[in-house]
Amino acid sequence: MTKSVNTLSELDKKPVAVSSDAFFFEKDKSKSILVLGVGNFLMGDEGVGVHLIQAMDAMELPSYIDILDGGTGGFLLLNCFECYSKIIFVDATMDGKVEGAISLIRPKFASDFPSALSVHDVGLKDMIEAVYLMENTPDLHLFTISIAKVEPMTTQLAPMVEKAIPETINQILSLAATLHDQIT
């Protein structure tokens, strides 16, 4: 059996995309920002939020950014909202804009989310309503990437949707730096 060449200090430097509840109790997140990609990876463009998180996982990110593939988690993601004061969502939307268009909104209520958030919008909107019932509500920011259709049983993205990922990441990193300055 070969020994891992990764040391604890190397692992501490790189944020890790995880889906374990234990992660949320392992470190103080009061000065961290969560980037949460949501969507169904097996529904083509609808999974762009998950694809974006996978792209960020391959990058060298600032230590104050945590990333999480939220999938179609809905209420299972509520513990994230208890741990982070600042959360940046990424999701697909069928809003009629040109495919690959990037938008940033500051949702205060579930009704502030785009009216045509893709196929998991009921669960996501219900979860957001629950978040606003919590004692401490995080500062939410939502990046949407416009899609034209949902195609079941494929992991491929339309070229314009895929092309939007690097620009969305740049915008996320810029926003995260601004938010980090606010909490430090």
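Residues numbered from 1 in each chain as written. Predicted model: local features only at pLDDT ≥ 70, side-chain atom pairs only at ≥ 80, totals over all residues. Heavy atoms only, no water.

(A) Structural detail: unusual backbone geometry. Unusually for a residue other than glycine, M153 sits at a positive phi of about 65 degrees. Looking at the secondary structure, you find M153 in the loop between strand 5 (139-146) and helix 5 (159-183). (Helix = DSSP H or I, 4+ residues; strand = E, 2+ residues; numbered from the N terminus.)

(B) Main features of the sheet that holds strand 2 (residues 65-71). With mixed pairing, five strands are arranged side by side in an open sheet as 2-1-3-5-4. Whereas interior strands pair on both sides, the edge strands pair on one side only; in this sheet they are strand 2 and strand 4 (102-105). Mean inter-strand twist for the sheet, computed between neighbouring axes without regard to direction, equals 20 degrees. Here strand 4 runs beside strand 5; their pairing, made up of four bridges, is antiparallel. Within the sheet, the bridge partner assigned to L104 lies in strand 5 and is F143. Sheet strands in contact with helix 2 (residues 48-57) are strand 1 (33-38), strand 2, strand 3 (86-93) and strand 5, and its direction is about 135 degrees off that of strand 1. (Pairing = 2+ DSSP bridges. Axes fitted to C-alpha atoms, helices over the stretch in contact; angles between N-to-C directions. Contact = heavy atoms within 4.5 Å.)

(C) Broad picture of the packing of helix 2 against helix 5. At a minimum axis separation of 10 Å, helix 2 and helix 5 run at an interaxial angle of 60 degrees. The pairing of helix 2 with helix 5 is recorded here as oblique in orientation. The interaxial crossing formed by helix 2 with helix 5 has right-handed handedness. Contacts from V48, H51, L52, A55 and M56 in helix 2 reach V161, I165, T168, I169, I172 and L173 in helix 5. Residue composition of the contact of helix 2 with helix 5, by class: nine nonpolar, two polar and no charged. (Parallel < 35°, antiparallel > 145°, perpendicular 65-115°, else oblique. Left-handed = near helix turned anticlockwise from the far one by under 90°. Nonpolar A, V, L, I, M, F, W, Y, C, P; charged D, E, K, R; others polar.)

Purely geometric stuff here, so don't read any function into it on its own.
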